[in-house]
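Structure at a glance
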Amino acid sequence: MAQSSKSVLRAYEILLNKSYSLIDEDQMSRVTEMLSLARRTYVAGKGSSGYAAMEMAHRFTRVGVDINALTDSEMMMIQAVMRQEDDLAIGFSLSGASREVVGFLQESKRKGATTVLVTASADEHHKAYCDEIIFVPSLKHMDRGNLISPQFPLLVLIDMLYTSFMELDRARKLKLHEQTRKAIDK
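Below: a short report on this structure. (Residues numbered from 1 in each chain as written. Predicted model: local features only at pLDDT ≥ 70, side-chain atom pairs only at ≥ 80, totals over all residues. Heavy atoms only, no water.)

This brings us to helix H6 (residues 152–166). Residue pairs three or four apart in sequence face the same way in an α-helix, which turns once every 3.6 residues. In this model H6 runs 21 Å from its N-terminal to its C-terminal C-alpha over 15 residues, within 8% of the 21 Å that 1.5 Å per residue would give. Among the residues of H6, those classed as buried are Phe152, Pro153, Leu154, Val156, Leu157, Ile158, Leu161, Tyr162, Phe165 and Met166. (Helix = DSSP H or I, 4+ residues; strand = E, 2+ residues; numbered from the N terminus. Expected span 1.5 Å × (residues − 1). Buried < 20%, exposed > 50% of the residue type's maximum accessible area, 1.4 Å probe, protein only.)

Right, here's the structure in full:
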């Protein structure tokens, strides 16, 4: 196996091992409940984080969640202004420094929505506008995407949330998933 292939696999291995130490099952249950109770969910991200937001929206829509992905800066702020108390706003930013995502969460919180930040940053300032901060692993300069995709830790987290979410009323959600699959296949 080439050294470059080994470097990629080693990066994935490191991130998965870090995921084990970061995962908080109680927090996963709380966020799963937030997803279940929300009238409407918006998940925002820029760049690679935006692609992960779209993946989350796609997957959760198929099991009955009213969820939309926001990747455009203006739409993030427009939607943030319209959030309400029974809405959930989720922001993806590995660095925790995306002005657009932070602004989306701050304004959503001001409007009364429940807010969740998914990040690798332990910046204390996030606590002022986030009900939950889910930490994901990162590697040095990972946000540049020069070795592996920065989406990887976000996608792992989405899979964990999805699995947790599916455990609630599993039969109904599996039926919805099957119905959406059949609709797509037509």
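Here Glu132 shows up in strand S5 (residues 132–135). Glu132 sits in the buried class, given a relative accessible area of 9%. Contact partners of Glu132, with chain neighbours within four places excluded, come to Gln27, Arg30, Val31, Met34, Thr115, Val116 and Leu117. (Contact = heavy atoms within 4.5 Å.)

Our next topic: the sheet that holds strand S4 (residues 114–119). Strand order in this open sheet of five strands is S2-S1-S3-S4-S5, and the pairing throughout is parallel. Bordering the open sheet on either side are strand S2 (67–70) and S5, each of which pairs with just one other strand. Taking the axes of each pair of neighbouring strands and ignoring which way they run, one obtains an average angle of 15° across the sheet. Here strand S1 (residues 40–44) pairs with S2 via four bridges, running parallel. Its bridge partner being in S2, Val43 is matched across the sheet by Ala69. Packing against the sheet, helix H2 (residues 25–37) makes contact with S1, strand S3 (87–92), S4 and S5, and its axis sits at approximately 125° to S5. (Pairing = 2+ DSSP bridges. Axes fitted to C-alpha atoms, helices over the stretch in contact; angles between N-to-C directions.)

The biggest cluster of nonpolar side chains holds 29 residues, and the ones touching the most others in it are Met56, Phe60, Ile90, Phe92 and Val118. Elements supplying a minimum of two residues to this core: H2, helix H3 (48–61), S3, S4 and H6. For this core, the element with the highest residue contribution is H6, accounting for seven residues. Look past the residues within four positions of Phe60 in its chain and what remains in contact with it is Leu35, Val65, Ile67, Ile158, Leu161, Tyr162 and Phe165. Judged by nonpolar contacts, the second largest core, of 14 residues, contains Tyr42, Ala44, Ala80 and Ala89. (Core = buried A, V, L, I, M, F, W, Y, C linked by side-chain atoms within 4.5 Å.)

This next bit is on the pairing of S3. Burial analysis of S3 places six of its six residues in the buried class, the great majority of the element. The side-chain alternation of S3 yields two buried faces, one formed by Asp87, Ala89 and Gly91 and the other by Leu88, Ile90 and Phe92. Two elements, S3 and S4, share five bridges in a ladder whose sense is parallel. Residue Ile90 lies in a different strand from S4, and its bridge partner there is Val116. In this fold, the crossover linking S3 to S4 by way of helix H5 (residues 99–110) has right-handed handedness. (Right-handed = clockwise from strand over helix to strand, strands pointing away.)

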